[in-house]
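This is what each chain is made of:
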Amino acid sequence: MVNFDGNCYQKLSDIPDQFLNYFLQLPIHTHHFLIYNGKIIMLEENYFSIMASLRRSRVRIPMKYTLEYIQEQAETIIHDIKIVEGYSLILIKFYRKESPTKESPVCDICFLMESLRLEWKSESIFLTLYKDHHILAESFSNLFQSNELLRKLAKVFAYENNFGACLLINNEKKIAESTHGSVFLIFGNKVLTPPLSSGVVDDFSRKIMIKFINQNNSYQIVEEEISVYNLQRADEIFLFSFIYGFIKISQFRKKKFSTDVSKNIQDLFFYKLKNQF
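In this report, we go over the structure that sits alongside the text. (Residues numbered from 1 in each chain as written. Predicted model: local features only at pLDDT ≥ 70, side-chain atom pairs only at ≥ 80, totals over all residues. Heavy atoms only, no water.)

**Observations concerning the packing of helix α2 (residues 43–56) against helix α3 (residues 67–80)**
Then, in step 1: Their axes nearest at 10 Å, the elements α2 and α3 cross at an angle of 110°. Considered as vectors, α2 and α3 are oriented roughly perpendicular to each other. When α2 is examined against α3, the residues L43, E44 and Y47 are found in contact with a partner set consisting of L67, I70 and Q71.
Then, in step 2: Of the residues belonging to the contact of α2 with α3, the class tally is four nonpolar, one polar and one charged. (Axes fitted to C-alpha atoms, helices over the stretch in contact; angles between N-to-C directions. Helix = DSSP H or I, 4+ residues; strand = E, 2+ residues; numbered from the N terminus. Parallel < 35°, antiparallel > 145°, perpendicular 65-115°, else oblique. Contact = heavy atoms within 4.5 Å. Nonpolar A, V, L, I, M, F, W, Y, C, P; charged D, E, K, R; others polar.)

Right under this line is the structure:
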């Protein structure tokens, strides 16, 4: 089932033809709700993250898009697919209803909501670097859609060369993110991650991982620029996103990594996540 702007349909093709044109353009914002045992994790934080991104997109946000309304729409998907136990994912995409014009530059919007199959895997992976194209180190890159094509190109490169994921660098030759989520490097009890100024996506999964590490007395989170050289100095590396889950890195180039600390962070994080922080 899909939920299009508050109306539910069994499949995408059931949506009336006059509305399908909305999907011919790129969405202005994409957001993932993580569901545990049928409930949205950190609903309020999710909502404010969505609203902040929509405001940056310079669109007319409907008054009905309240916290309660978004929750109700997500719950229609949850109830339809009978999510009872474990983790699941709901995707929501927002679209302009028309292209901006001189007479009407700020447009109305609509949304499409559907469930996604989780692709979380437990094994550690080999990591490589994608250098064909760069992310711009600026705030526009913080929006999910800005570099989605680049992430897909890098993913093709990784899979064609038998790697699990690719790191993406910015125009200043610093690490920005990966094809499979935000990047975290472990140096003793410090966990380093690229700052928003590097061009990383300001994703909700990144926010809550940083929040978790900040609240944990055993580790210290540091947001700072990361060079490619620093990757091989790190004790461990892991990636995180709601789509791909927690990914431990076993090797980058000739450097082989332990995964013991990453595994500990993973276990503590998901325990905390189940209890809604």
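Alright, that's what it looks like, and here's the rest.
**Remarks on the pairing of strand β12 (residues 220–223)**
Then, in step 1: Relative to β12, strand β11 (residues 190–193) runs parallel, the two being bridged by four bridges. Residue pairing in the sheet places L192 in a bridge with V222 of β12.
Then, in step 2: As for the winding sense of the linkage, the β-α-β connection from β11 through helix α5 (residues 204–215) to β12 is right-handed. (Pairing = 2+ DSSP bridges. Right-handed = clockwise from strand over helix to strand, strands pointing away.)

**Some remarks on helix α4 (residues 148–160)**
Then, in step 1: The end-to-end C-alpha separation of α4 is 19 Å, in line with the 18 Å expected for 13 residues at 1.5 Å each.
Then, in step 2: Within α4, burial applies to E148, L150, R151, A154, K155 and A158. Down the axis of α4, the buried side of the element spans an arc of 150°, and every buried residue falls inside it. When the buried face of α4 is taken as reference, the exposed residues oriented beyond 90 degrees from it are L149 and E160.
Then, in step 3: Elements that come into contact with the buried residues of α4 comprise β7 (125–135), β8 (165–170) and β9 (175–178). (Expected span 1.5 Å × (residues − 1). Buried < 20%, exposed > 50% of the residue type's maximum accessible area, 1.4 Å probe, protein only. Arc of directions from axis to C-beta.)

**Observations regarding the packing of aromatic side chains**
Then, in step 1: All chains considered together, the criterion is met by 25 aromatic pairs.
Then, in step 2: Between F23 and Y95 the ring centres are 5.0 Å apart and the planes differ by 65°, which places this aromatic pair in the edge-to-face class. Taken together, the residues F23 in the loop between α1 (17–20) and β3 (29–36) and Y95 in strand β5 (residues 87–96) connect sequence positions 72 residues apart. Taken individually, F23 and Y95 each receive the classification buried, so the pair is uniform in this respect.
Then, in step 3: Between Y130 and F157, the ring centres sit 5.6 Å apart and the planes meet at 65°, which makes this aromatic pair edge-to-face. Separated by 27 residues along the polypeptide, Y130 in strand β7 and F157 in helix α4 bring together distant segments of the chain.
Then, in step 4: We classify Y130 as buried; its relative accessible area is 4%. (Phe/Tyr/Trp six-rings, centres within 6.5 Å; stacked < 30°, edge-to-face > 60°.)

**Section: the layout of surface pockets**
Then, in step 1: In this structure, the largest pocket occupies an estimated 770 Å³ of space.
Then, in step 2: Among the elements of the structure, β3, α2, β5, α4, β9, α5 and β13 (236–241) are those that each provide at least two residues to the lining of the largest pocket.
Then, in step 3: With five residues, α4 is the largest single contributor of residues to the lining of the largest pocket.
Then, in step 4: Split by residue class, the lining of the largest pocket holds 15 nonpolar, 16 polar and ten charged. (1 Å grid on protein atoms, 1.4 Å probe; cavity = no way out; pocket = protein on both sides within 12 Å on 5 of 7 lines; lining within 4 Å. Points joined across faces, edges and corners; volume = space filled by probe spheres on them.)

**What to know about the state of the cysteines**
Then, in step 1: Tallied over the full model, the rule gives zero disulfides.
Then, in step 2: Among the cysteines around C107, which has no disulfide bond, C110 carries the closest sulfur, lying 11 Å off. (Disulfide = S-S within 2.5 Å.)

**Details of the pattern of salt bridges**
Then, in step 1: Per the stated rule, a full pass over the model turns up eight salt bridges.
Then, in step 2: The residue D108 makes a salt bridge to R60 at a minimum N-O spacing of 2.8 Å. Of the two residues, D108 sits in the loop between β5 and β6 (109–116) while R60 sits in the loop between α2 and α3, which places them 48 residues apart along the sequence.
Then, in step 3: Given the relative accessible area of 41%, R60 is considered partly exposed.
Then, in step 4: R151 serves as the salt-bridge partner of E148, at 3.1 Å between the closest nitrogen and oxygen. You can see E148 and its partner R151 sitting in helix α4, three residues apart, about one turn around the helix. (Salt bridge = Lys/Arg side-chain N within 4 Å of Asp/Glu carboxyl O.)

Nothing here speaks to function; it is all geometry.
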